[in-house]
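Descriptive analysis of the structure
So you can see what is in the structure, the chains are spelled out below.
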Amino acid sequence: MVRKSFLSHNKTIWGPLELVEKLYPEAEEIGASVRDLPGLKTPLGRARAWLRLALMQKKMADYLRCLIIQRDLLSEFYEYHALMMEEEGAVIVGLLVGLNVIDANLCVKGEDLDSQVGVIDFSMYLKNEEDIGNKERNVQIAAILDQKNYVEELNRQLNSTVSSLHSRVDSLEKSNTKLIEELAIAKNNIIKLQEENHQLRSENKLILMKTQQHLEVTKVDVETELQTYKHSRQGLDEMYNEARRQLRDESQLRQDVENELAVQVSMKHEIELAMKLLEKDIHEKQDTLIGLRQQLEEVKAINIETYQKLQGSEDGLKEKNEIIARLEEKTSKITAAMKQLEQSDNDLLTQTRTIAMSLVKCASSDTQDQYKLVKDISF
């Protein structure tokens, strides 16, 4: 609205009325309701609606008093010689206190508040002597008063709901800020956890690579050990076959000697004692051979068990190495025992042969006589 009397140039009355919301918190409700009203397009229409609502609240004098006190803010809207900037403004505001006595019930919705008001017809508000005793007029006034009381009660309820809504909005803003802080903390924790997860994955990959390399090395070692064990077992089998062949030969020789000794039943006690000693030694050799066979079977079973354990698990490599070492010690002991047995067999064979030759030479004359007797008897 262009300045006409006391407003400064290019300013409207809606500007200072908007300042009341900042100075008087209870006026925020009026400002919000004026902005929400449909059909108001000009600042003048908003100012008229604001004044009507202030009259219905009976707080127009209070609102304008807060505005008059802040003259430094009013200097933006009024000239220095304007009425609102002088002391007469405070007097006018004091006179407005009388309006609080009036119960105003003004219509705001549906009114054309933006257009300029022409001549106001006060005839309908003037008292007429003819209408004093009109009962219908009194009924209408009672109805208007009831509506006014209803509007005031509704206004109080709206004030209470607005205050509760303000408190709820404050609590929601506080909870929202807390939730935002918690969300930021959660995001930071998620970022830290992702970094830790990435680090753990990299460490896991390194551990897997190291374990695979270790497994490959251990696998190669186990294969080489198995190959050496197979070679050693093949050598033991060859030695065992050789021992069996020698035993077969010795058994054949023993059979020949027994056949020869069967013919010489009546030989001297020395030959019998020698044969008994020889049989005893042969029995001991058989026992030792049986024991060696059992040990070889145990070695085979242990080898099979170690082979299965080597395929089954990787943690028992140390125990298997110890078992293989013990097996190697046993095989070395068995080879040494076999060599000792071979040497003792050779010694016994040489001794028996020498004794047999000596006895045969000594008893050749007796055997010839015995053969002759046997032949004569057979004939």
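For the chain, an unreviewed UniProt entry supplies the name RUN and FYVE domain containing 2 and the organism Bos indicus x Bos taurus.

1. What about the UniProt feature "coiled-coil region" (unreviewed entry) in the chain?
Residues annotated in UniProt with the feature "coiled-coil region" (unreviewed entry) correspond here to residues 169-203 and 240-347. Taken end to end, residues 169-203 is 100% helix and 0% strand, and its first and last C-alpha atoms sit 50 Å apart.

2. Looking at helix H2 (residues 28-36)
In an α-helix, one full turn covers 3.6 residues, which means residues spaced three or four apart are oriented alike. Within H2, burial applies to Ile30, Gly31 and Val34. Axial view of H2: buried residues confined to an arc of 100 degrees, hence all on one face.

3. A word on empty space enclosed by the protein
In this structure the tally under the stated criterion is 4 cavities of 30 Å³ or more. By volume, the largest cavity amounts to about 120 Å³. Taken together, the residues of the lining of the largest cavity break down into 5 nonpolar, 2 polar and 4 charged. In this structure, the second largest cavity spans a volume of roughly 90 Å³. The wall of the second largest cavity is formed by Leu236, Met239, Tyr240, Ala243, Leu289, Leu292, Leu296, Ile334 and Met338. For the lining of the second largest cavity, the secondary-structure elements that each account for two or more residues are helix H7 (135-263), helix H8 (269-312) and helix H9 (317-378). In terms of residues, the lining of the second largest cavity owes the most to one element, H7, which gives 4 residues.

4. A look at the side chain of Glu21
Counting through the fold element by element, Glu21 comes out in helix H1 (residues 14-23). In this structure Glu21 comes out as buried when scored by relative accessible area, which is 13%. In this structure Glu21 touches Ala27, Glu28, Gly31, Ala32 and Arg35, once residues within four positions along its chain are discounted.

5. Side note on the pattern of salt bridges
Per the counting criterion, the structure on display carries 7 salt bridges. Between Glu242 and Arg245 there is a salt bridge whose closest N-O contact spans 2.0 Å. Of the two residues, Glu242 and Arg245 both sit in helix H7, 3 residues apart, roughly one turn of that helix. Using a relative accessible area of 38% as the deciding quantity, one classes Arg245 as partly exposed.

6. Overview of the confidence of the model for the chain
For the chain, the average pLDDT comes to 77, and 84% of its residues sit at 70 or higher. Low pLDDT (under 50) marks residues 1-10, which in the prediction has 22 contacts with non-local residues, meaning those over four places away or in another chain.

7. Let's talk about the packing of aromatic side chains
Taken as a whole, this structure holds 2 aromatic pairs when the rule is applied. Considering the side-chain rings of Tyr24 and Tyr63, the 5.2 Å spacing of their centres and the 70 degrees angle between planes classify their relative orientation as edge-to-face. Residue Tyr24 is found in the loop between H1 and H2, and its partner Tyr63 is found in helix H4 (residues 60-69); the two are separated by 39 residues along the sequence. Tyr63 shares its class with Tyr24; the two are buried. Centroid distance Trp50 to Tyr63: 5.7 Å. Interplanar angle 45 degrees. Geometry classified as tilted. In this pair, Trp50 sits in helix H3 (residues 43-57) while Tyr63 sits in helix H4, placing the two residues 13 residues apart along the sequence. Per residue, the accessibility class of Trp50 equals that of Tyr63, and both read buried. In textbook terms, an aromatic cluster arises when at least three aromatic residues are bridged by ring pairs, as seen for Tyr24, Trp50 and Tyr63.

8. Describing the nonpolar core
If you look at the biggest cluster of nonpolar residues, it comprises 34 residues, and the most contacted ones within it are Val20, Val34, Ala49, Trp50, Tyr63 and Tyr78. Looking at this core, the elements that each hand over two or more residues are H1, H2, H3 and H4.

9. Examining the side chain of Glu250
Along the chain, Glu250 falls in helix H7. A relative accessible area of 18% means that Glu250 is categorised as buried. If near-sequence neighbours (up to four positions away) are discounted, Glu250 is found in contact with Lys285, Asp345 and Leu349.

What counts, and where the lines are drawn
Residues numbered from 1 in each chain as written. Predicted model: local features only at pLDDT ≥ 70, side-chain atom pairs only at ≥ 80, totals over all residues. Heavy atoms only, no water. UniProt positions renumbered as here; feature names shortened; annotations may be inferred. Helix = DSSP H or I, 4+ residues; strand = E, 2+ residues; numbered from the N terminus. Buried < 20%, exposed > 50% of the residue type's maximum accessible area, 1.4 Å probe, protein only. Arc of directions from axis to C-beta. 1 Å grid on protein atoms, 1.4 Å probe; cavity = no way out; pocket = protein on both sides within 12 Å on 5 of 7 lines; lining within 4 Å. Points joined across faces, edges and corners; volume = space filled by probe spheres on them. Nonpolar A, V, L, I, M, F, W, Y, C, P; charged D, E, K, R; others polar. Contact = heavy atoms within 4.5 Å. Salt bridge = Lys/Arg side-chain N within 4 Å of Asp/Glu carboxyl O. pLDDT = per-residue confidence, 0-100. Phe/Tyr/Trp six-rings, centres within 6.5 Å; stacked < 30°, edge-to-face > 60°. Core = buried A, V, L, I, M, F, W, Y, C linked by side-chain atoms within 4.5 Å.

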